[in-house]
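Structure at a glance
Residues per chain are reported as follows:
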Amino acid sequence: MTETVDTAVDLGLEGALEGPLPEAAVLQRRPWLGILRNALRLTRTRIGLAIVAVIVAIAVFGPLVAPHSPTEFVGIPNSGSSSKAIFGADALGRDVWSRFLHGGLTVLWLSVAATALGVVVGVCIGLVAAYSRNWLDDVLMRGNDVILAFPQIVLVLLAVSALGPKLWLIVLMVGITHAPRVARVMRGAAQEVVERDFVKAAEAVGEKRGRIVFGEVLPNVTTPLLVELGLRMTYSIGLVAAISFLGFGLQPPTADWGLMINENRLSITVQPWAVLLPILAIGLLTVGTNLVTDGIARAAIGIDRGKS
Amino acid sequence: MTAVQTGPSVEVSDLRIALTGTDVDIVDEIVIDIQPGEVLGLVGESGSGKTTVGMALLGHVRRGGRVSGGVIRIGGRELASLREADLRRLRGGTVSYIPQDPGTALNPALRIGRQLFEILEAHAGSSGQEHGERVREALEEVALPSDETFLDRYPHQLSGGQQQRVAIAMAFANRPAVIVCDEPTTGLDVTTQARVLETVRELCRSHRVAALYVTHDLAVVAELADRVAVMYAGRIVESGPREKIFTAPAHPYTRRLLRAVPDIAGKRTVVGIPGHAALPGRRPPGCFFHPRCDFARDDCRGAFPPVSEHGPAHEVRCYHVDAVVRAPTPEGAGQASRRAAGTDTVLSVRGVNAHYGARPTLFDIEVDVHHDECVALVGESGSGKTTLARCVSGLHKDWTGEIRLGDASLPTAARARSTEARRDIQYVFQNPYASLNPRRTIGQTIARQLELFFGGERRDAGQRVAECLERVALSADAANRFPDQLSGGERQRVAIARALAAEPKLLVCDEVTSALDVSVQAAIIELLGRLRQEMGLSLLFITHDLALIRTIADTVAVMNEGRIVEHGSVEQIFTAPSAEYTRKLLANTPSIEVVLGHATAPS
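Residues numbered from 1 in each chain as written. Chains lettered and ligands numbered in written order. Predicted model: local features only at pLDDT ≥ 70, side-chain atom pairs only at ≥ 80, totals over all residues.

Some thoughts on the overall build of chain B
Along its length, chain B carries 22 helices and 22 strands. On C-alpha atoms alone, chain B measures out to a radius of gyration of 25 Å, which is about the 25 Å that the 2.2 N^0.38 rule sets for 603 residues. Once the C-alpha set of chain B is aligned to its principal axes, its extents read approximately 75 × 65 × 50 Å. Counting only contacts in chain B whose residues sit at least 6 apart along the sequence, the fraction spanning at least 24 positions is 69%. (Helix = DSSP H or I, 4+ residues; strand = E, 2+ residues; numbered from the N terminus. Rg over C-alpha atoms; globule rule 2.2 N^0.38 Å. Contact = placed C-beta atoms within 7 Å.)

Next up, the structure:
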C-alpha cells in the first residue's frame, strides 16, 4: 500500500492521542521476537525448519535408536537389504543404516561451531572497519584480502595436513576462512548505515564506540547478516563433509557422513545406499538452512508484513 | 508540433484513479481545464494525490493504481484511446514533464548534449544539423551556455540549478503543448528557484504552453500560477483564480493551509492543522476534511459536498461556504507573548574557522546565543550553516577558534567533551526519517537518552518516557512503535522529545521542518514556541527559509559562503537589511502577500 500513497504512512496515531494518558509507556524490548514470529508465518520458513529438524533429529537421536553398533559386522560386504540391515551392508560388511544414524553429529556440530566462529569474527571486523573509516579500516580489509586470496579448502587442508587431523583445527580454520568473507559483506552493508543521522545523534550524546557499533549499527544490518549466516552454514556443512571425505576429519572406523561417502564410493553401483543416504542428508540440511535464513531475512525487512 | 486548435489544451473530467483490484480510490472526481499559455497550480500536501493527477496527464499511473473512470483529453485527443506507441510519442512530445529531482532524472553516464539530442531524435526524424540548432536554442531559452564544452559535461559537473534548467530545456525542446511540473524547485535555493520559476513562466507565455504546476508550496503558486486548484485527500476541494484563492479562500482547508504558511511580508504566527489527512481506504464518510474542520456540522458527515459556484470561475466543495467566509481567520496562541530574551550568554562562538579536508568552509564566525533567545542561522545550501551547527554540537571536529558553553570552553569533538556539555547542547536533525534508529522502538530510543544522562532506574523508565512524549503532544502509546509506523511530523516530535529528555540548555535545530508538509511544519513551529515558553529553552535555529524565521526567531545571522554577512534582530533584518546578500535573499523569497499587493516587499 505504501507504494501507491505519496509519502509517509500514517497510522492515525495522532487521532488516537486524545484521551487520558496511560500510566506509563510500555517499553518493548525485543523487536527480534517479532521478526522471528513473522518469519514463522511464511511457508518457506516452515518447510526449511521441518527439513532441518528432521536431519538434526537424525544426527542427535540417531545413535540412540540405531539397531547396531557402527563398527559391528552384520553381513557380507556390499550386500543388499536384509532383515538384519534394512539398507544393506557397506564395503566392510557393517550396517549402513546404523552407520548413517551415528555419522551425522560430528558434521553438524563442526559446521555450527565453525559458522558461529566465522560469523562472529567477521561481523566484528566488518562493522569496526566500516565505522572506523580510517587506517584501521585499511589494515583490517587488506588483511582480509590476504586470506581471500586462497581458496577456503586449500587453507584448511594446509593446516590439517601440517598439524594433523584435529577437530578443533577444522573448526578454527573453517571459521577463520569464513570471517573475511562475512566481514566484506557486513562492511558493505554497514557503510551506508554509519553515515545516517541516528549514528551521529548517538555520537553527539557520547555513546561509547562499542555500543554504537553493536547497539545502533548491528541491528540495521541484520538482513545481510542472516543471509550470510545461512550461506556460511551451507558452506561449512559442505567444507566439513569434504574434509572428512578427504580423510582429514574423523578417522576410521568411526562413522561419519563424509567418510562414508569416501569408503563406499567404489561400490556405488552395487550398494548405492551407503553413498546416497549421507549425500541426501547433507544436501537436505543445506537446503533447509537456506530456506529458514531466507524466511527470516524476508521477515526482517518486512516484505511480508502486510500479509499477516 | 502543436496543432492549431481552439479550446483548452488539457481537459480532465471526473478522473478517478483507484488501487488495483479494489474499489478504493486514490483520487476521484478530478476536473481540470487548462488553456494554452495558462499555468494551473495544483496544491496539496503529501498524500493528497496531486502527483498522481500530474502523472495521469502523461498517461502514466504508478504501480498499484489504475484509471477507473473519467476522461483525460490532451489537445482534444483522449488518452485512454491511444495505443502504447502513441502514448510514447505523446510523452516528451505533446506533453512533457519537469521532474522534482533533476539529479536523478538526468542519466549520470551521458553527456548533457547527448541527452538533449536523444529527446529530439525520439520525436522528430529530422537531421542532426537541425538538432544541433534546436539544442542550442533550447539551452539559450533557459539561459545556459550552449557551447561545446557545456554540451560535453556530465550531469554531476553541473550545479542543482543548472541541472534543473537542463531538465527544463529537455521538457521544452520538442515544443510541447502541455507541460507537467512536479515540484521542480523543491530542493533548490531561493535564488535559483526564482530564476527557474522565471524561466518556466516565460517559456509558457511565449510558446503558449499549458502548464500544470504540482507543488506543496503556496508561495511559489502565488508567484507563478494563473489559477489554483487545492487538493485534499484525493479531491479538488477548491479551485479558482489565484487572487480569489489567496485573498478570499472559501474552503476551510484552504484557509487553514494559508494560515500555516509563514510569510516574509507579515509578522504573524503560523497555525498548524490538528490531525492529519486520511489515506485512501481510511477516509471518513462525508466530507473528508470534517474531522479536522472547525465548521463541521451533521450534514458534513453524510455525503461529500458537491461542487458549488462561489464566484466567477471559483468553485468550492463545502456545505457551509457562507459561514466559512464570514468567520474570522483562525489565530494561534503560538508566539503571541514571547518572553524577552535573557542577558546571560548560553553559547558564544568566537573566531571559528572550519575545514572539510583541505577545503575551508567557515571563516571567523562570531555568534552569541543568550538565555531564552532563539538565534536563527539563515543561508542557502553550501553557506556553512549546518557545518557551524555541527561544530557547536561537536559532530564536526575540524575547527579552530573558541566555542564557550556558559563559562567553559568546549573541546572540538563531542567525545572529548564532558557529559554535562553533551547534555546541555542537544541536536535535532533535519530528516526525522534518518535520525531515529529504525530498529528501535520510540520508547527504547528515549529511554536510552534518559539512561545515558540520568542513570538507569529501569522501574520508572516507562513513566519518564511517557512524560517526554507528552511534552511534545504524543501519547505514551507511541513508545511501542517503530519509527516507520509514525508520520514525518510525529517522528520529528519524537526527535525533539529525545533531545528535550536530556534537559538541555541549548537546542540546535538543523532545518527541522524542511522535510515536512506546511501544516506539519506549522505545528512543529508552534510546538517549539510553546516549549520555549514553558521550559526557557535557548534555540539555535538553522534554516534556509527566511519566512520561517520571522515567526520564531529573535536574532538572525545571515550566512553566505562560510561567513556571517549580516547579524541583527529579526526586525532589523527584515525592515532594514544592510548586506547586499540579505536584500537579494529577501527579494527572491516568494511571498503570497507581496505578490497580491497586501504588503510591500521588505526593502
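Points about the overall build of chain A
Per the secondary structure count, chain A includes twelve helices and zero strands. Walking chain A from its N terminus toward its C terminus, one meets helices and strands in the order α-α-α-α-α-α-α-α-α-α-α-α. Within chain A, counting contacts between residues at least 6 apart in sequence, those at least 24 apart form 70% of the total.

Details of the nonpolar core
With 271 residues, the main nonpolar core has Leu212, Tyr213 and Leu540 of chain B as its most contacted residues. For this core, the leading source of residues is helix α4 (residues 104-132) of chain A, giving 13 residues. (Core = buried A, V, L, I, M, F, W, Y, C linked by C-beta atoms within 7 Å. Buried ≥ 20, exposed ≤ 12 C-beta atoms within 10 Å, placed from the backbone.)

Re the sheet that holds strand β8 (residues 210-215) of chain B
Backbone-to-backbone hydrogen bonds pair the strands of a sheet. The strands run either parallel or antiparallel. Residue and element names in this part refer to chain B. What the eight strands build is an open sheet, ordered β6-β7-β8-β3-β9-β10-β12-β11; its pairing is mixed. Each of the sheet's edge strands pairs with one partner strand only, and the pair in question is β6 (95-98) and β11 (308-311). In this sheet, adjacent strand axes meet at a mean angle of 20° when their direction is disregarded. Two strands pair when backbone bridges link them, and strand β10 (residues 235-241) and strand β12 (residues 314-316) are joined in this way by two bridges, in the antiparallel orientation. (Pairing = 2+ DSSP bridges. Axes fitted to C-alpha atoms, helices over the stretch in contact; angles between N-to-C directions.)

Examining the sheet that holds strand β1 (residues 10-19) of chain B
Residue and element names in this part refer to chain B. With antiparallel pairing, the four strands of this open sheet are ordered in space as β2-β1-β4-β5. Looking at the sheet topology across the chains shown, the edges are occupied by β2 (25-34) and β5 (77-78). Where β1 and strand β4 (residues 65-74) come together, eight bridges link them in antiparallel fashion. Paired with glutamate 11 across the two strands is arginine 73, which belongs to β4.

Observations concerning the confidence of the model for chain B
The predicted coordinates should not be examined in detail at positions where pLDDT is low. Summary statistics for chain B give a mean pLDDT of 86 and a share of 94% for residues scoring 70 or more. Taken together, the chains of this predicted complex give a pTM of 0.79 and an interface ipTM of 0.76. (pLDDT = per-residue confidence, 0-100.)

Comments concerning helix α9 (residues 209-217) of chain A
All names here are of chain A. Residues of α9 that are buried include every one of Val213, Glu216 and Val217, and no others. When α9 is viewed along its axis, its buried side chains cluster within an angular range of 115° and face the same direction. Buried-residue contacts for α9 involve α4, α7 (167-194) and α8 (197-204). (Arc of directions from axis to C-beta.)

Comments concerning unusual backbone geometry
In this model, proline 252 of chain A is joined to proline 253 of chain A through a cis peptide bond whose omega is 10°. As for its position among the elements, proline 253 of chain A is in the loop between α10 (222-245) and α11 (257-264). One non-glycine residue, glutamate 561 of chain B, lies in positive phi territory at about 50°. Tracing the chain through its elements places glutamate 561 of chain B in the loop between β21 (555-560) and β22 (563-569).

A closer look at the packing of helix α6 (residues 152-163) of chain A against α10 of chain A
Residues and elements named next belong to chain A. Interaxial distance between α6 and α10 falls to 11 Å at its minimum, and their mutual angle equals 45°. The orientation of α6 with respect to α10, classified from their angle, is oblique. When the axes of α6 and α10 are compared, the crossing they make is right-handed. In this structure, α6 uses Gln152, Ile153, Val156 and Val160 to contact α10, whose residues at the interface are Leu239, Ala242 and Ile243. (Parallel < 35°, antiparallel > 145°, perpendicular 65-115°, else oblique. Left-handed = near helix turned anticlockwise from the far one by under 90°.)

What about the pairing of strand β13 (residues 345-356) of chain B?
All names here are of chain B. Here β13 pairs with strand β14 (residues 359-370) via eight bridges, running antiparallel. Bridge pairing in β14 links threonine 345 to histidine 370. The loop that links β13 with its antiparallel partner β14 comprises two residues; one of these, glycine 357, has a positive phi angle of about 60°.

Considerations on the packing of α6 of chain A against α7 of chain A
All names here are of chain A. Between α6 and α7, whose axes approach to 9 Å, the crossing angle comes to 150°. Compared by their axis directions, α6 and α7 come out roughly antiparallel. The interaxial crossing formed by α6 with α7 has right-handed handedness. Residue-level inspection shows Gln152, Leu155, Val156, Ala159, Val160 and Leu163 of α6 in contact with α7, the latter providing Leu169, Ile170, Met173, Val174 and Thr177.

Structural notes on the pairing of strand β7 (residues 178-182) of chain B
Residues and elements named next belong to chain B. Burial analysis of β7 places five of its five residues in the buried class, the great majority of the element. The side-chain alternation of β7 yields two buried faces, one formed by Val178, Val180 and Asp182 and the other by Ile179 and Cys181. Sheet topology places β6 next to β7; four bridges connect them, and they run parallel. Residue tyrosine 97 lies in a different strand from β7, and its bridge partner there is valine 180. Relative to β8, β7 runs parallel, the two being bridged by five bridges. Its bridge partner being in β8, isoleucine 179 is matched across the sheet by alanine 211.

With respect to the environment of glutamate 243 of chain B
All names here are of chain B. Topologically, glutamate 243 is positioned in helix α10 (residues 242-247). Judged by C-beta crowding, with 16 C-beta atoms within 10 Å, glutamate 243 ranks as partly exposed. Separated by 17 residues in sequence, glutamate 243 and aspartate 226 have C-alpha atoms that sit 8.6 Å apart.

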